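Given next are the chains, with one letter for each unit.
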Amino acid sequence: MTTPLHPQARTARLEVLRREYMKQITATAARHGHPVRVAPYVLAQPGTERRADLELIEQYAAERGWQVTRSSFADVGQPPPLAQRAGFGSACRYASQGFAHGILAIARPAITTDNDSYAHVLEHLHHRGVFLAYLPALREITP
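Notes on the structure follow. Bear in mind that the values here come from a model prediction, so they are computed numbers and not experimental data.

Conventions we followed
- All chains use their own residue numbering, which begins from 1 and follows the written sequence.
- Only residues with pLDDT of 70 or above have their local features reported here, since the model is predicted, and side-chain atom pairs are shown and tallied only from 80 upward, although totals for entire chains, interfaces and linings are computed over all residues.
- Water and hydrogen atoms were dropped before computing side-chain values, which therefore reflect all heavy atoms in the structure.
- Criterion for a salt bridge: a side-chain nitrogen of Lys or Arg within 4 Å of a carboxyl oxygen of Asp or Glu.
- Comment: elements are numbered from the N terminus, with helices defined as DSSP H or I runs of at least four residues and strands as E runs of at least two.
- Burial classification: accessible surface area is computed with a 1.4 Å probe over protein chains only, and a residue below 20% of its type maximum counts as buried, one above 50% as exposed, and the rest as partly exposed.
- Note on contacts: a residue pair is in contact if any heavy atoms of the two residues lie within 4.5 Å.
- A strand pair is defined by DSSP finding two or more bridges across the two strands.
- Expected span of a helix, by definition, is 1.5 Å for each gap between consecutive residues, and there is one gap fewer than residues.
- Arc definition: it is the arc formed by the directions from the helix axis to the C-beta atoms.
- Orienting the strands away from the viewer, one traces the path from the first strand over the helix to the second; a clockwise path indicates a right-handed crossover.

**So, the pattern of salt bridges**
Link 1 in the chain: Enumeration over the complete set of coordinates arrives at 3 salt bridges.
Link 2 in the chain: Residues Glu15 and Arg18 are paired through a salt bridge, measuring 2.6 Å at the closest nitrogen-oxygen approach. With Glu15 and Arg18 both in helix H1 (residues 7-31) and 3 residues apart, the pair spans about one turn of that helix.
Link 3 in the chain: Connected through salt bridges with shared partners, the residues Glu15, Arg18 and Arg19 form a single ionic network.

**Focus on the environment of Thr28**
Link 1 in the chain: Secondary-structure assignment places Thr28 in helix H1.
Link 2 in the chain: Overall, the relative accessible area of 31% leaves Thr28 in the partly exposed class.
Link 3 in the chain: Along the sequence, Thr28 and His101 sit 73 residues apart, while their C-alpha atoms lie 9.9 Å from each other.

**A short note on the side chain of Arg18**
Link 1 in the chain: With relative accessibility at 5%, the residue Arg18 sits in the buried group.
Link 2 in the chain: Once residues within four sequence positions are removed from consideration, Arg18 is found in contact with Tyr118, Leu122, Leu132, Ala133 and Tyr134.

**Some words on the pairing of strand E1 (residues 37-43)**
Link 1 in the chain: E1 sits mainly inside the fold: 6 of its 7 residues count as buried.
Link 2 in the chain: As defined by bridge partners, E1 adjoins strand E2 (residues 67-68) across 2 bridges and the pair is classed as parallel. Each residue of the ladder has a partner; that of Val38, found in E2, is Val68.
Link 3 in the chain: For E1 and strand E4 (residues 102-105), the ladder comprises 3 bridges, and the chain directions are parallel. In the sheet register, Ala39 faces E4, and the bridge partner there is Ile103.

**Examining helix H4 (residues 115-126)**
Link 1 in the chain: The first and last C-alpha atoms of H4 sit 16 Å apart over 12 residues, in line with the 16 Å expected at 1.5 Å per residue.
Link 2 in the chain: For H4, the complete set of buried residues consists of Asn115, Tyr118, Ala119, Val121, Leu122 and Leu125. Buried residues of H4, seen end-on, are gathered within an arc of 160 degrees and therefore sit on one face of the element. Exposed side chains of H4 directed beyond 90 degrees from the buried face belong to Asp116 and His120.

**Some thoughts on H1**
Link 1 in the chain: For H1, spanning 25 residues, the distance from its first C-alpha to its last is 36 Å, which sits close to the expected 36 Å at 1.5 Å a residue.
Link 2 in the chain: Buried residues of H1: Leu14, Arg18, Tyr21, Met22, Ile25, Thr26 and Ala29, and no others.
Link 3 in the chain: Close packing links the buried residues of H1 with H4 and strand E5 (131-134).
Link 4 in the chain: Backbone geometry just downstream of H1 places Gly33 in the positive-phi region, at approximately 75 degrees.

**A short note on the pairing of E5**
Link 1 in the chain: Burial along E5 is two-sided: the residues Phe131 and Ala133 and Leu132 and Tyr134 are all buried.
Link 2 in the chain: Sheet analysis places E4 next to E5, joined by 4 bridges and oriented parallel. In the sheet register, Leu104 faces E5, and the bridge partner there is Ala133.
Link 3 in the chain: Assessed by its sense of winding, the connection that carries the chain from E4 through H4 to E5 is right-handed.

Dropping the structure here:
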């Protein structure tokens with residue numbers, strides 16, 4: 001009999017898995033001499049907030065040496081269940097069709113905070129050669 005993981009431990013393990021998938025996919029792109037391409041995804045209202053998020057994503061991608069796709073994807077409001085997010089679904093299909101190696105968002109909550117849904121999305125995308133990436137949290141970049 002196994003005991004279920006504490007939610008924080010599961011969240012940490014999923015983060016390790018996400019980073020491993022990202023590392024695998026970016027290494028494969030590099031091995032083939034391709035620049036890593038990412039499709040921006042934001043969960044923000046149209047206008048200033050969305051533009052600001054997209055600018056942060058573009059800046060982070062440039063710092064990593066990644067190319068940002070011309071197409072960007074978004075949903076608005078409080079995060080509805082993943083199945084109801086047309087923008088995120090479009091980003092996944094776009095990347096899965098080979099137009100991007102990954103989907104880059106501001107933070108994990110822009111995707112989902114539900115560990116079961118998140119694990120499913122990670123696996124679904126990984127099987128299609130796509131990773132999820134986020135900007136580092138403030139605590140990760142401050143000394």
